[in-house]
Structure formats: C-alpha cells, structure tokens
Amino acid sequence: MRIKYGITFHPKWWNKNAGIDFSQPFFDDPAYRMDCDVRMRGCLYEHFGDLGVGEKAPEPRPLLGTDLLAAGYLYSELLGCKIVYEPDDSPKVVSPGLQADEISKIKAPDLDESPVWARTQRQIDWLLSKCGRVETYVNLMGIQNVAMDLMGQNLFTAYYTDEEEVRGLLEEIYLLTRDAGRRFRALSPDNAGGVTAIVRDVMPACYINSNCSVEMISNALYEKFLLEYDQKLSDDFGCFGVHHCGASMEHVVEGYSKIRGLCFAEAGAGSDLAAVRRALGGIRINARYSPVALISESEDTIAANVKRLYDGGKAPAGRGLLSLSCVGIDDQAPDGNIRAFLKACREL
C-alpha cells in the first residue's frame, strides 16, 4: 500500500500563481471564497496534476474556511484580538499583550450574542441555503496558541508567577474551543482540514488541536497546564489528534502519550520520528517536511530526506500508519523541488 502524502501552500504562492487575494473577503464572503477555491484546485492541477495533485475540472465546494491554507485566527478574534488581513498572507492576530492581572476579564463568549461569530453564522446560513450543506475547514487553533495571542510572551512568565489566573484563562479558551467545535461538528464530521489537510485523506473524522506553540515549553509545563485540555477535547470529540509543527515533538511526546483517545499526531520537521513512534505506538503519524529546506535542497537530497522521514516514522507491519506532508510552501520554492518531494513520496 502506498503511503498518503500532501502539500499545502502559503498565501504568497497562491497570490503569485493563481492571483488569489487573501484580504478579508476571502474569509468572510463564501461566494468569493468558493470561486477562489475552484481556481486554486485548478491551479494545483496545472502545476502538479500528473503527480495526482489538484483537479482538472473542479466543482464548487460549500466550504467554511479552507483546507488549502493553514490559518488560525477566529478563536482569538472571538476573545477580542484584532485581525489584520493582507492580499498575500494569512490573517495576522495582533496581540494585546495582556498582563496576568488582566486576563480574568477574558470570558468565553456566548456565540449567539457575539458579533464576530455572527459573521461566521451568516456564512453558514448562506451555504446551507445555497448548497444544502457546509464543509467546515476553519482552523481549530489550540489552547496555548490562543493564550499566546492574548498575552504574548507574558504567558510564559505567568505560568510560574500567576498559576491561578492562567488556569482561569485556559479554561475560558477551552470552553470557547469546545462550543465552536461542537457547532462545526454538527455541520460536518470532517472539520480538521483547516489544521492539516492530510487528515482529510487519512482520518477525516479526527478532531485535531493545534499545539504549534507547545514547542516553546517543557513537557512538565505541558502536563501541568495543557494536558487536561487536550484530554477534555479528546473526550468531547472522540478520535483526537495533536498538531505539533515544532521541530522537536519528542520533547513533549511523553505528555502526548498520556492522552486517552489519541489516534493521530503530526510531527514537525526536525522531530525525532523514531522517538515519537516509540512513545506513541501504533497511532497514525504525519511527518512534516520542512518548506524552508524545500527551497534550496537538491532533488537527490529531497528524495533522501523523504526516505529518512519514512524510515524514522514507520511502524512494524500492521502496527501503525505513516503519512508525509509539506505545509507552508511559499513562492520561493521551485516547482522542480516540489515535484521532487511528490515523486519521492509516490515511490515509497
């Protein structure tokens, strides 16, 4: 059986190659986004169709968010952060840099009363009226990611000096994450594609938490403050996965291994996949290839590195599955190198 593999591009690539404008209408106007989505999938086929990527004649999809980017911002906006949009970049969250004595004011909003959620709800209602269904690919973010958006670097000091206040903030973020996630799940069981697109091919009903910033803390801090919320989300949504795009997933993999119901883990480029596999056993692992390395490496080096990822992350036959992806590829990566990555994956 061939392994599953995939590529996801940065907005700069899409802006240059498909002329897509990622200003606010892309995220708030479902008709415009559906039109862009058709163009994007067609563009993929023009560049890489012979390698099984893209669609020759794509049909419109009733999508909320997108599985062709990895852009998280909505939950932070719901909690009061300002969002800046640009034509060739993902939405940027502007952190208010809250201090520990300010975070007790942060409360999970009643989504039915939130003007920010109302923009999302209008899209849902429009898609249901026009298409009869909604494909939900809003990035599901992550508990610490949102806390960092609110506090910036102050969060890391507060872990040691203001434990009670931090725990209160994390609880409110969890409540928002749970409530929004339930609404997305009610629309579609396949709603983690906005975190990592590969999950749609390998485990579409898996709920995946974005633990990007967990790279910045120790396993002890993860277990003390964040493990309970990953466990709650796992209990809430069933099959559960963690996205850890940092370069050393192995440094917190002991904590991840304690999540009951964990069935998927995404390990960032640079992670020790053999250590991750030993700790997590036979679950599905997706190994990330570095989009930065993809810019300058030779095609032979790319092929060798893909094989190295495979050898590190594979499990004994019948005891675990592996997939590979490269995410965040920007306009500096040559098509030849992208094709080399795809070819190397196909040959496994």
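Quick note: structure is the one above.
Sequence positions are assigned chain by chain, starting from 1 and proceeding in written order. It should be noted that, the model being predicted, local features are given only for residues of pLDDT at least 70 and side-chain atom pairs only at 80 or more, the latter also being counted only at that level, while totals for whole chains, interfaces and linings use all residues. Hydrogens are left out, water is left out, and the side-chain values use all remaining heavy atoms of the structure.

### Concerning the overall build of the protein
Convention followed: Comment: elements are numbered from the N terminus, with helices defined as DSSP H or I runs of at least four residues and strands as E runs of at least two. In this treatment the radius of gyration is a C-alpha quantity, and the globule benchmark scales as 2.2 Å times the residue count to the 0.38 power. Whether a residue is buried, partly exposed or exposed follows from its accessible area with a 1.4 Å probe, protein chains only, as a fraction of its type maximum: under 20%, in between, or over 50%, in that order. By the convention used here, residues are in contact when the closest approach between their heavy atoms is within 4.5 Å. Note on areas: Shrake-Rupley, 1.4 Å probe, and residue coverage restricted to the protein chains presented here. Counted charges follow a simple rule, with Lys and Arg positive, Asp and Glu negative, and His plus the chain ends left uncounted. In plain terms, the charge of a residue is placed at NZ if it is Lys, CZ if Arg, CG if Asp and CD if Glu.
Along the protein, the regular secondary structure elements total 15 helices and 10 strands. In terms of overall dimensions, the protein is globule-like: its C-alpha atoms have a radius of gyration of 20 Å, near the 20 Å expected for 348 residues. Taking the principal axes of the C-alpha coordinates as reference, the protein spans close to 55 × 45 × 35 Å. The buried share of the protein, taken over its 348 residues, is 55%. Sequence-distant contacts in the protein: of pairs separated by 6 or more residues, those separated by 24 or more amount to 71%. For the protein, the computed accessible surface area is about 14200 Å², with 50% contributed by carbon and sulfur atoms. Charge separation in the protein, taken as the distance between the mean sites of 38 positive and 49 negative side-chain charges, equals 5 Å.

### A closer look at the state of the cysteines
Put simply, the rule reads: Two cysteine sulfur atoms make up a disulfide if the distance between them is within 2.5 Å.
Per the stated rule, a full pass over the model turns up 1 disulfide. Bridging Cys239 to Cys263, the disulfide has an S-S length of 2.0 Å. Note on the Cys239 and Cys263 pair: the S-S dihedral is about 95°, so by sign convention the disulfide is right-handed. With Cys239 in the loop between helix H10 (219–237) and strand E7 (240–244) and Cys263 in strand E8 (residues 262–267), this pair connects stretches of sequence that are 24 residues apart. Of all cysteine sulfurs, the one in Cys43 lies closest to Cys36, which takes part in no disulfide; the gap is 12 Å. This cysteine, Cys212, is not joined by any disulfide, and Cys245 carries the nearest cysteine sulfur, 3.7 Å off.

### So, the side chain of Asn139
By the element assignment, Asn139 lies in the loop between strand E5 (135–137) and helix H6 (143–151). The contacts of Asn139, once residues within four sequence positions are left out, are Ala70, Ala71, Gly72, Gly194, Val195 and Ser210.

### Notes on the packing of aromatic side chains
The following threshold applies: To pair, rings of Phe, Tyr and Trp, with the six-membered ring standing in for Trp, must have centres within 6.5 Å; the planes then decide the type, stacked if under 30 degrees apart, edge-to-face if over 60, and tilted in the middle.
Applying the stated rule across the entire model yields 18 aromatic pairs. With centroids separated by 6.3 Å and ring planes inclined at 25°, the aromatic side chains of Trp13 and Phe48 adopt a geometry described as stacked. Here the residue Trp13 occupies a position in helix H1 (residues 11–18), and Phe48 occupies one in helix H3 (residues 30–48), the gap between them amounting to 35 residues. Overall, the relative accessible area of 1% leaves Trp13 in the buried class.

### Points about the sheet that holds E7
Heads up, the condition is: Two strands make a pair as long as DSSP finds a minimum of two bridges between them. Where helices are involved, their axes are fitted lines through C-alpha atoms of the stretch in contact, as for all axes, and angles between N-to-C directions lie from 0 to 180°.
Spatially, E1-E10-E9-E8-E7-E6 is the arrangement adopted by the 6 strands of the open sheet, whose pairing is parallel. In this open sheet, the two edge strands, each paired with only one partner strand, are strand E1 (4–9) and strand E6 (207–210). Each neighbouring strand pair of the sheet contributes to a mean axis angle of 20°, computed without reference to strand direction. Bridge count for E1 against strand E10 (residues 322–329) is 6 bridges, and the pairing is parallel. Bridging from a neighbouring strand, Ile7 pairs with Cys326 of E10. Docked against the sheet, helix H12 (residues 273–280) engages E8, strand E9 (284–289) and E10, running at close to 165° with respect to E9. Against the sheet, helix H14 (residues 299–313) touches E9 and E10, its axis set at about 155° to E9.

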